[in-house]
Amino acid sequence: FNLGQFGGKMLKELENVIKLQKIDNQLLEINNLKGDLPQVVDALQQEINNLEKELDSERKREKEITLEIKTLEGKIEDDKVRLDKYQDQLYLVTSNKEYDALSSEIDTMKQDIDKAEYSILELSEEMENLKESIKSNDLIHQEKVQKLAIRKTELDKTNNKTKSVQTKLQKERINIVKSIPLRYIREYNRIAKGKGGVAVVPIEQISEEKKDKKGNIEYTPVQVSCGGCHKIVPPQKIVEIRTGNKLIHCEFCGRMLYWDEKISEIKSNDEEEIF
């Protein structure tokens, strides 16, 4: 059989779905030009935001520790003044009861001073670790900000190159979607979602070059396959696809199939290996 011998008016819905896919293919190419830059930029920005939150928290804690140490140092000074006073009074007491009470007060005061000094040591250690963390996070923050600036510049350059084309394509897409019944759009979106954005593909007919007895060259179809998954299309479906008066799906990948006069016909010399 020869697919070229079949004709007929293509289903309007199929025509529009094909147009939609061609628009989406161009949008996919634009996205491929950007590569993973949008995701990299977003990830870097999120990392920077998280670092800034952490740095804010660390600097807040740094101020709290400074205030706590200052308060404890003030308390120690006051306690030492009171301790000296109690110790001076110790020599002036006239009874064992007064002496015991004052001694107990002195012991409590010494314990309070020791506790406050130990707390200052702990807070000083925390402060030292905090300063190291702030210093490290500051350096990481600076590096990521620089890296983000570079990546943003790269993305902006790509966006500037493709912006006008992308805007035009997006407007065309909105208009073509309006002309397609909702059930076809839903089907298109469902397939595209699972197939990397490609829901509609042309079939590929490989025709082998043959010469008749008179030396005339003619091409005989030897393989027809899906342009998406490249699995063989059953013969009974080929005529329907070529005619284009109904939607036909690939039995393997589920994509919608159609015949494209420009790219579906692949001619091969019989001396070349086809399979």
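Our subject is the structure that appears above.
It should be emphasised that the depicted structure is a prediction, and the values quoted were computed from it without experimental measurement.

Conventions and cut-offs
Residues numbered from 1 in each chain as written. Predicted model: local features only at pLDDT ≥ 70, side-chain atom pairs only at ≥ 80, totals over all residues. Heavy atoms only, no water. Disulfide = S-S within 2.5 Å. Helix = DSSP H or I, 4+ residues; strand = E, 2+ residues; numbered from the N terminus. Buried < 20%, exposed > 50% of the residue type's maximum accessible area, 1.4 Å probe, protein only. Axes fitted to C-alpha atoms, helices over the stretch in contact; angles between N-to-C directions. Parallel < 35°, antiparallel > 145°, perpendicular 65-115°, else oblique. Left-handed = near helix turned anticlockwise from the far one by under 90°. Nonpolar A, V, L, I, M, F, W, Y, C, P; charged D, E, K, R; others polar. Contact = heavy atoms within 4.5 Å. Patch = residues over 30% accessible without salt bridge, like charges linked within 9 Å, V, L, I, M, F, W, Y side chains within 5 Å. Areas by Shrake-Rupley, 256 points an atom, 1.4 Å probe, with all protein chains shown as cover. Salt bridge = Lys/Arg side-chain N within 4 Å of Asp/Glu carboxyl O. Lys, Arg positive; Asp, Glu negative; His and termini not counted. Charge placed at Lys NZ, Arg CZ, Asp CG, Glu CD. Phe/Tyr/Trp six-rings, centres within 6.5 Å; stacked < 30°, edge-to-face > 60°. Lys NZ or Arg CZ within 6 Å of the ring centre and 35° of its normal.

**Points about the state of the cysteines**
If you walk through the whole model with that rule in mind, you get zero disulfides. No disulfide involves Cys250; its sulfur sits 3.6 Å from the nearest other cysteine sulfur, which is in Cys229.

**Quick look at unusual backbone geometry**
Excluding glycine, most residues fall at negative phi; most peptide bonds, likewise, are trans. Its identity as a non-glycine residue notwithstanding, His230 has a phi of 65°, on the positive side. Among the secondary structure elements, His230 is positioned in the loop between β2 (217-226) and α5 (235-243). Classification of His230 as partly exposed rests on a relative accessible area of 47%.

**Thoughts on the packing of helix α2 (residues 37-90) against helix α3 (residues 96-178)**
Following both chains from N to C, one finds α2 and α3 inclined at 160°, their axes separated by 6 Å at the closest point. Comparing the axis directions of α2 and α3 gives the class roughly antiparallel. Crossing handedness for the pair α2 and α3: left-handed. Considered class by class, the residues forming the contact of α2 with α3 number 30 nonpolar, ten polar and 25 charged.

**Considerations on the packing of helix α1 (residues 12-34) against helix α4 (residues 182-194)**
Between α1 and α4, whose axes approach to 11 Å, the crossing angle comes to 40°. In terms of orientation, α1 lies oblique with respect to α4. For the pair α1 and α4, the sense of crossing is right-handed. In contact with Glu13, Val17, Leu20, Gln21 and Asp24 of α1, α4 contributes Tyr184, Ile185 and Tyr188. In terms of residue class, the contact of α1 with α4 is made up of five nonpolar, one polar and two charged.

**Remarks on the side chain of Asn16**
Relative to the helices and strands, Asn16 is located in helix α1. Under the relative-accessibility criterion, Asn16 is labelled buried at 5%. Excluding residues within four positions of it along the chain, Asn16 makes contact with Ile176, Ser179 and Ile180.

**What about a negative patch on the surface?**
On the surface, a cluster of negative charge is contributed by Glu122, Glu125, Glu128 and Glu132. Examined against the element boundaries, Glu128 turns out to sit in helix α3.

**Section: the environment of Gly194**
Position of Gly194 among the secondary structure elements: in helix α4. For Gly194, a relative accessible area of 59% puts it in the exposed group. For Gly194 and Gly254, which are 60 residues apart along the polypeptide, the C-alpha to C-alpha distance reads 9.8 Å.

**Concerning the packing of aromatic side chains**
Within this structure, the stated rule accounts for zero aromatic pairs. Seen from the ring of Phe252, Lys231 lies directly overhead, with NZ or CZ sitting 5.9 Å from the centre.

**Some words on the environment of Lys210**
Along the polypeptide, Lys210 turns up in strand β1 (residues 200-211). Spatially, the C-alpha atoms of Lys210 and Ile30 are 41 Å apart, while their sequence positions differ by 180 residues.

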